[in-house]
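Inside the fold
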Amino acid sequence: GEALAGESDVVGGDDYSVYVTEPAGYRAVRASVDGARLLSLGRRGALRVLSLRSDAGRRVSWRIVFARVG
């Protein structure tokens, strides 16, 4: 599949969410996080919401993998 990846500066102990538009013809199939704990990969309308939490303030890397549907 194809992936969207990025980095975020997070505050320790706070939940952090990344909102991305799910492209037409694709479906998010999995997510991974480096430097924090992955809480969920949910859907809110046309958006995918990746939620994570880190015990300490730091820069974390995240990645959402999409698969073509249809």
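The structure reproduced in this document is the subject of the present report. Predicted model, so just to flag it, every value in this text is computed and none were measured.

1. Quick look at the overall build of the protein
Counting secondary structure elements, the protein contains 0 helices and 6 strands. In the protein, the succession of α and β elements from N to C terminus is β-β-β-β-β-β. Whereas a compact globule of 70 residues would reach a radius of gyration of roughly 11 Å, the protein reaches 12 Å, a difference of no more than 12%. Considering only C-alpha atoms, the protein reaches an extent of 40 × 20 × 15 Å along its principal axes. Expressed as a percentage of its 70 residues, the buried residues of the protein come to 30%.

2. A word on the pattern of salt bridges
By the definition in use, this model includes 5 salt bridges. Between Glu 7 and Arg 59 there is a salt bridge, with its nearest N and O atoms 3.9 Å apart. Of the two residues, Glu 7 sits in strand β1 (residues 2-10) while Arg 59 sits in strand β6 (residues 58-68), which places them 52 residues apart along the sequence. Like Arg 59, Glu 7 is exposed. For Arg 59, the salt bridge goes to Asp 9, with nearest N and O atoms at 2.8 Å. Taken together, the positions of Arg 59 in strand β6 and Asp 9 in strand β1 put the pair 50 residues apart, joining distant regions of the chain. The same class applies to Arg 59 and to Asp 9, which are both exposed. Several salt bridges share partner residues, and in doing so they unite Glu 7, Asp 9 and Arg 59 into one network.

3. Topic: the sheet that holds strand β3 (residues 26-34)
Pairing within the open sheet is antiparallel, and its 3 strands lie in the order β1-β6-β3. Edge positions in the sheet fall to β1 and β3, since each has one partner strand and no second. Geometrically, the sheet is characterised by an average inter-axis angle of 20° between neighbouring strands, direction not taken into account. Note: β1 against β6, 9 bridges, orientation antiparallel. Bridge pairing in β6 places Asp 9 opposite Arg 59.

Each value, and the rule that gives it
- Residues numbered from 1 in each chain as written.
- Predicted model: local features only at pLDDT ≥ 70, side-chain atom pairs only at ≥ 80, totals over all residues.
- Heavy atoms only, no water.
- Helix = DSSP H or I, 4+ residues; strand = E, 2+ residues; numbered from the N terminus.
- Rg over C-alpha atoms; globule rule 2.2 N^0.38 Å.
- Buried < 20%, exposed > 50% of the residue type's maximum accessible area, 1.4 Å probe, protein only.
- Salt bridge = Lys/Arg side-chain N within 4 Å of Asp/Glu carboxyl O.
- Pairing = 2+ DSSP bridges.
- Axes fitted to C-alpha atoms, helices over the stretch in contact; angles between N-to-C directions.

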